[in-house]
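One-letter residues, chain by chain:
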Amino acid sequence: MERDPRAHWQELATALEYGRAALRVGLWKSEELLIARYFTSANRLLEVGCGGGRVALGLLQRGYQDVTATDFSPAMVEVSRGVLEDARTGWGARVEQQDATALTYPDASFDGVIYAFNGLMCLPDAAHRARALRSIHRVLRSGGIFLASGADREKGALAGEWAAQAAGEIPGDRWHETSTSPVFMHSSTLAETTGELRTAGFELLEAPLSTELAAESGAVRAFCGQTRFYVARKVSGSAGPVP
């Protein structure tokens, strides 16, 4: 029986793990640096794949008040609402259920969109990533900023293992064991994700590794290891309809 790449994220146990991470790990120093570089507190920001509310909580605590956090998973939405509401009354209402591949917001609704920590790379395949990028492109204003992060299979401790991936496998695709259930994740390359962004109508501004930006705490290193950020600007015009 074929495994469902979305199942892991719909489990309450997984959502609770990410809710605890929202409080234990918080925003990474590298994330905070890029957020401050590209967004202002007046910007209308959308987070897709918000998980347990880690990034949304960090944004709200730092004065970014026009924040909408979304996830396709009812369990993640429930947990992140609780995390944000516990932090401040009313913050929980900022969390909504949305599928990143088919966002329902009007065109040009947001100044910035954030898809943190492998969110884009945990979608089932390249076609789903393409749909998500086109959907995000549509809801961003012209010139709006998209910030994402994901593992780079050409960098870090697992680079040699990725280079030896078996013939016939889709490069970068792998199921990983976790404390709750197996999770599917795609580890991309800089060239690959740059191409996907350009096809969707984005201009890549920078793509630093987290280790090039900041020395992270032990908790952050244990949570995410080394990751690559992608900062891209929406190019004027439409990327075409979302299939």
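Residues numbered from 1 in each chain as written. Predicted model: local features only at pLDDT ≥ 70, side-chain atom pairs only at ≥ 80, totals over all residues. Heavy atoms only, no water.

(A) Expanded view of the pattern of salt bridges. Tallied over the full model, the rule gives 12 salt bridges. In this structure, R141 and D111 form a salt bridge, with 2.8 Å as the shortest nitrogen-oxygen distance. In this pair, R141 sits in strand β5 (residues 140-150) while D111 sits in strand β4 (residues 110-115), placing the two residues 30 residues apart along the sequence. Where R233 meets E203, a salt bridge forms, and the shortest distance between an N and an O atom there is 3.3 Å. A residue pair is termed long-range when its members are at least 10 positions apart, and R233 in strand β9 (residues 228-234) and E203 in strand β8 (residues 202-206) qualify at 30 residues. Take R233: its relative accessible area is 32%, and that puts it in the partly exposed class. The class for E203 is partly exposed, based on a relative accessible area of 39%. (Salt bridge = Lys/Arg side-chain N within 4 Å of Asp/Glu carboxyl O. Helix = DSSP H or I, 4+ residues; strand = E, 2+ residues; numbered from the N terminus. Buried < 20%, exposed > 50% of the residue type's maximum accessible area, 1.4 Å probe, protein only.)

(B) Summary view of the packing of aromatic side chains. As enumerated under the stated definition, the model contains 8 aromatic pairs in all. Between W28 and F229, the aromatic rings sit 6.1 Å apart at their centres with planes inclined by 65°, giving edge-to-face as the arrangement. Residue W28 is found in the loop between α1 (12-24) and α2 (29-38), and its partner F229 is found in strand β9; the two are separated by 201 residues along the sequence. Looking at F229, the relative accessible area reads 2%, which means it is buried. Between W175 and F184, the aromatic rings sit 5.9 Å apart at their centres with planes inclined by 65°, giving edge-to-face as the arrangement. Since its relative accessible area comes to 25%, W175 is described here as partly exposed. Note that R6 overlies the ring of F72, its terminal NZ or CZ placed 4.0 Å from the centroid. (Phe/Tyr/Trp six-rings, centres within 6.5 Å; stacked < 30°, edge-to-face > 60°. Lys NZ or Arg CZ within 6 Å of the ring centre and 35° of its normal.)

(C) Looking closely at the sheet that holds β8. Pairing in this open sheet of 7 strands is mixed, and the strands run β3-β2-β1-β4-β5-β9-β8 from one edge to the other. Looking at strand neighbours, the two that pair on one side only are β3 (95-97) and β8, the edges of this open sheet. Across the sheet, the axes of successive neighbouring strands diverge by a mean angle of 25°, strand direction being ignored. Sheet strands in contact with α2 are β4, β5, β8 and β9, and its direction is about 15° off that of β9. Across the sheet, helix α3 (residues 54-61) touches β1 (45-47), β2 (67-71) and β4, and the angle it forms with β2 is around 175°. (Pairing = 2+ DSSP bridges. Axes fitted to C-alpha atoms, helices over the stretch in contact; angles between N-to-C directions. Contact = heavy atoms within 4.5 Å.)

(D) Broad picture of α2. The set of residues buried in α2 consists of S30, E31, L34 and I35. The buried side chains of α2 occupy one side of the element, clustering within an arc of 130° when seen end-on. Looking at the packing, one finds that the buried side of α2 touches α3, β4, β5, β8, α8 (210-213) and β9. (Arc of directions from axis to C-beta.)

(E) The nonpolar core, seen in detail. With 67 residues, the main nonpolar core has Y115, I136 and F146 as its most contacted residues. Take this core: its biggest share by element is 6 residues, from helix α4 (residues 74-87). When neighbours within four sequence positions are excluded, Y115 is seen to be in contact with V48, G49, A100, L120, L123, I136, F146, L147, A148 and S149. (Core = buried A, V, L, I, M, F, W, Y, C linked by side-chain atoms within 4.5 Å.)

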